[in-house]
Amino acid sequence: METFGLKASLLLIAILVFTDCLNVGGQVCHPSGKIRGKKPPPGECNQGNDSDCCKEGKLYTTYKCSPTVSSHTKAYLTLNGFEKDEDGGAPSECDNHYHSDDTPVLALSTGWYNKGSRCLNNITITANGRSVVAMVVDECDSTMGCDSDHDYQPPCANNIVDASRAVWKALGVPQDQWGGLDITWTDA
């Protein structure tokens, strides 16, 4: 009887260790905090491309991480302007330049941006039965927002691919449906 109990215990420990090892690659990204929204000064929040402006006193979730990247990483595609005076705000983080919205460029959530490690590299976005290759030029900040540096917009969610018009066109999405779309992406 004692041998059976020892074998069962060892088997249980082996199963627990094995399942724990499986979870290491697919760790869940949890919120890292919250920031309180501030009312933007008049005319300071550009709402182009249906961008949101921070609401006074509202709490916004922040993230320092993004879901694990795979060969088909699930994400949410949003629309962003990368030209001067558009809702993207400042020049792109990767090269300190503005970019034509007719070029397939994008910003990644903080975790995927990974301190600039994907800067000026291409990723492949797939949705709507099509794929497009686009260049990472900026970070969609998931850690901060609601200030002048972020055009008084809330922090990005941790699963955002914020793309130019060219990406939306290449995916064949009708213009009246631009703004939010479930996609997958991978490093090109």
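Residues numbered from 1 in each chain as written. Predicted model: local features only at pLDDT ≥ 70, side-chain atom pairs only at ≥ 80, totals over all residues. Heavy atoms only, no water.

K.L.:
Pulling in residues and values, what's your account of the sheet that holds strand S8 (residues 180-187)?
P.N.:
Reading around the barrel, the six strands line up as S3-S7-S4-S6-S5-S8 and close back on themselves, with mixed pairing between neighbours. Recorded for the sheet is a direction-independent mean angle of 45 degrees between the axes of neighbouring strands. Here five bridges tie strand S4 (residues 105-109) to strand S6 (residues 130-140), and the two strands are oriented parallel to one another. Of the residues in S6, the one forming a bridge with Leu106 is Val136. (Pairing = 2+ DSSP bridges. Helix = DSSP H or I, 4+ residues; strand = E, 2+ residues; numbered from the N terminus. Axes fitted to C-alpha atoms, helices over the stretch in contact; angles between N-to-C directions.)

K.L.:
Can you break down the state of the cysteines residue by residue, with the values?
P.N.:
Throughout the structure, instances matching the rule amount to four disulfides. The side chain of Cys54 participates in a disulfide bridge whose partner is Cys146; the two sulfur atoms lie 2.0 Å from each other. Between Cys54 and Cys146 the sulfur-sulfur dihedral comes to about -90 degrees; the bridge is accordingly left-handed. Pair noted here: Cys54 is in the loop between strand S1 (33-36) and strand S2 (59-62) and Cys146 is in the loop between S6 and strand S7 (160-163), with a separation of 92 residues, a long-range link. The buried category is assigned to Cys54, whose relative accessible area is 4%. The buried category is assigned to Cys146, whose relative accessible area is 1%. Through a disulfide, Cys94 is tied to Cys119; the S-S separation comes to 2.1 Å. Of note, the bridge from Cys94 to Cys119 carries an S-S torsion of about -80 degrees and is left-handed in sense. (Disulfide = S-S within 2.5 Å. Buried < 20%, exposed > 50% of the residue type's maximum accessible area, 1.4 Å probe, protein only.)

K.L.:
I'd love a proper account of the pairing of S2, names of residues and values included.
P.N.:
The side-chain alternation of S2 yields one buried face, formed by Tyr60 and Thr62, and one unburied face, formed by Leu59 and Thr61. As judged from the four bridges shared by S1 and S2, these two strands associate in the antiparallel manner. Looking at S2, one finds that Gly33 is bridged to Thr62.

K.L.:
With reference to specific residues and values, describe the side chain of Asp147.
P.N.:
As for its placement among the helices and strands, Asp147 is situated in the loop between S6 and S7. There is no salt bridge for the buried Asp147, and the closest opposite charge comes from Lys38, which lies 5.9 Å off by N-O distance. Polar contacts involving the side chain of Asp147 include one to the side chain of His150, which spans 2.6 Å. (Lys, Arg positive; Asp, Glu negative; His and termini not counted. Salt bridge = Lys/Arg side-chain N within 4 Å of Asp/Glu carboxyl O. Polar contact = N/O pair within 3.5 Å; in protein donor to acceptor, adjacent residues only side chain to side chain.)

K.L.:
Would you mind going over unusual backbone geometry in detail, with residue names and values included?
P.N.:
One non-glycine residue, Asn114, lies in positive phi territory at about 55 degrees. Mapped onto the fold, Asn114 is located in the loop between helix H2 (110-113) and strand S5 (122-127).

K.L.:
Describe the side chain of Ser142, and please don't skip the residues or the numbers.
P.N.:
Here Ser142 lies in the loop between S6 and S7. Of the residues examined, Ser142 reaches a relative accessible area of 0% and is grouped as buried. A distance of 3.2 Å separates a polar atom in the side chain of Ser142 from the backbone oxygen of Ala157. Leave out the neighbours within four places in its chain, and Ser142 touches Thr61, Thr62, Tyr63, Ser109, Thr110, Pro155, Cys156, Ala157 and Asn158. (Contact = heavy atoms within 4.5 Å.)

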